[in-house]
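Each chain, letter by letter, is given below.
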Amino acid sequence: RETGLALFTDMTLGRRFEDKCAEMYYRGKMFGFVHLYNGQEAVSTGVIGAMKQKHDWFCSTYRDHVHALSAGVPAKEVMSELFGKKTGCSKGRGGSMHLFSKEHHLLGGYAFIGEGIPVALGAAFSSKYKKDALKDKNSDAVSAAFFGDGTCNIGQFYECLNMAQLWKLPIIFVVENNKWAIGMAHNRATSEPEIWRKASVFGMQGEEVDGMDVLAVRGATERALKRARAGEGPTLIECLTYRFRGHSLADPDELRPEEEKNFWAKRDPLIKLKKDILNFGLASESELEVIEKEID
């Protein structure tokens, strides 16, 4: 019950936060590039929720608001950053795409695709170096690198997978495959659309999960964490998900077929979790409504 309600709270906060960003942007109160996470909440909550009980590290992308919230960065600090205020988590100097919080082990959002993967790799190397070379028995931190399907076609992705497996680094590569790289359909851009299979080339563990089911994502993360902390090396997790809005708030979203959008809208991860909680008898409808009202 406690875990279920925590997952529901985190995902609801992410959805409501992004909806408020859209409102502020279209009212002319928020400026610059703003990429929203609606529809992908199960990935952030599933991965980070399973990791942040310990001293693990996270590297995000330009779609980083909800990653920051899941990591524990206060919503007020994230929103302040989006308004360019000094009370923001990056002192108002980073904005939407460059959220950072050392306190919450968020190693940054990154404007260019793939930028965060080597940073996460470095954090993983640091963890292993402390344990193996400096004999720090308490050093078992794991890093998570988040990135999209489009990133899996660039060199940094393959170079980092190679190094991670070669040195058995404690890192989880999390592919948020939302089927589109801006306006490029995933299947048109890669010779092997099933990204998780690319792990096998490096002798790495790869797994594909339903990225619209937070429990499936959490389970895959827990398995990857167990391997990483046992010194068995990295894991590539491909989360099949979908963004409910355009690439950014400046994107009119005219390229994606309406039938595709409607299909994925019916698989809303928040509705799925709500049904699971009710079916498992963990909470009542009225209890979930109280959580929603508190977040609102």
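Everything below is about the structure printed above this text.
Here's a quick rundown of the structure. Here the structure is a predicted model, which is why all the values come from computation and not from measurement. (Residues numbered from 1 in each chain as written. Predicted model: local features only at pLDDT ≥ 70, side-chain atom pairs only at ≥ 80, totals over all residues. Heavy atoms only, no water.)

### Some details on helix H10 (residues 269-279)
Then comes step 1: Among all positions of H10, only Pro 269, Leu 270, Leu 273, Lys 274, Asp 276 and Ile 277 are buried. Buried positions in H10, seen along its axis, are confined to an arc of 160° and lie on one side of it. Relative to its buried face, H10 has exposed residues pointing more than 90 degrees away, namely Lys 275 and Asn 279.
Then comes step 2: Structurally, the start of H10 carries an N-cap: the backbone nitrogen of Leu 270 is 2.8 Å from a side-chain oxygen of Asp 268.
Then comes step 3: Gly 281 occupies a position one or two residues after H10 and carries a positive phi of about 70°. (Buried < 20%, exposed > 50% of the residue type's maximum accessible area, 1.4 Å probe, protein only. Helix = DSSP H or I, 4+ residues; strand = E, 2+ residues; numbered from the N terminus. Arc of directions from axis to C-beta. Polar contact = N/O pair within 3.5 Å; in protein donor to acceptor, adjacent residues only side chain to side chain.)

### Some remarks on the nonpolar core
Then comes step 1: Ranked by size, the top nonpolar core spans 39 residues in total, and within it Val 47, Met 51 and Ile 172 carry the most contacts.
Then comes step 2: The residues contacting Met 51, other than those within four sequence positions of it, are Asp 56, Trp 57, Phe 58, Val 142, Ser 143, Ala 144, Ile 172, Thr 221 and Leu 225.
Then comes step 3: If you look at the next biggest cluster of nonpolar residues, it comprises 23 residues, including Tyr 110, Ala 123, Ala 124 and Ala 164. (Core = buried A, V, L, I, M, F, W, Y, C linked by side-chain atoms within 4.5 Å. Contact = heavy atoms within 4.5 Å.)

### Regarding the layout of surface pockets
Then comes step 1: In this structure, the largest pocket occupies an estimated 370 Å³ of space.
Then comes step 2: Every element with two or more residues in the lining of the largest pocket is listed here: helix H5 (116-132), strand E2 (143-148) and strand E4 (180-181).
Then comes step 3: Of all the elements, E2 adds the most residues to the lining of the largest pocket, at four residues.
Then comes step 4: Split by residue class, the lining of the largest pocket holds 13 nonpolar, 10 polar and four charged. (1 Å grid on protein atoms, 1.4 Å probe; cavity = no way out; pocket = protein on both sides within 12 Å on 5 of 7 lines; lining within 4 Å. Points joined across faces, edges and corners; volume = space filled by probe spheres on them. Nonpolar A, V, L, I, M, F, W, Y, C, P; charged D, E, K, R; others polar.)

### Things to note about the pairing of E2
Then comes step 1: Burial analysis of E2 places five of its six residues in the buried class, the great majority of the element.
Then comes step 2: By the bridge criterion, three bridges tie strand E1 (residues 57-59) to E2 in an arrangement that is parallel. Along E2, the bridge assignment pairs Cys 59 with Ala 145.
Then comes step 3: Summarising the sheet, E2 and strand E3 (residues 171-177) pair through six bridges and their orientation is parallel. The partner of Ser 143 across the bridge, within E3, is Ile 171.
Then comes step 4: With helix H6 (residues 155-166) bridging E2 and the parallel E3, this β-α-β connection has right-handed handedness. (Pairing = 2+ DSSP bridges. Right-handed = clockwise from strand over helix to strand, strands pointing away.)

### A short note on the pattern of salt bridges
Then comes step 1: Evaluation of the coordinates by the stated rule reveals 20 salt bridges.
Then comes step 2: Notably, a salt bridge pairs Glu 287 with Arg 1, separated by 3.0 Å at the nearest N-O pair. Taken together, the residues Glu 287 in helix H11 (residues 285-295) and Arg 1 in the segment before helix H1 (2-26) connect sequence positions 286 residues apart.
Then comes step 3: Note that Glu 41 and Arg 15 form a salt bridge whose closest N and O atoms lie 2.6 Å from each other. One end of the pair, Glu 41, is in helix H2 (residues 41-51); the other, Arg 15, is in helix H1, with 26 residues separating them in the sequence.
Then comes step 4: Ionic contacts of the salt-bridge type, sharing partners, join the residues Asp 253, Arg 256, Glu 258 and Lys 261 into one network. (Salt bridge = Lys/Arg side-chain N within 4 Å of Asp/Glu carboxyl O.)

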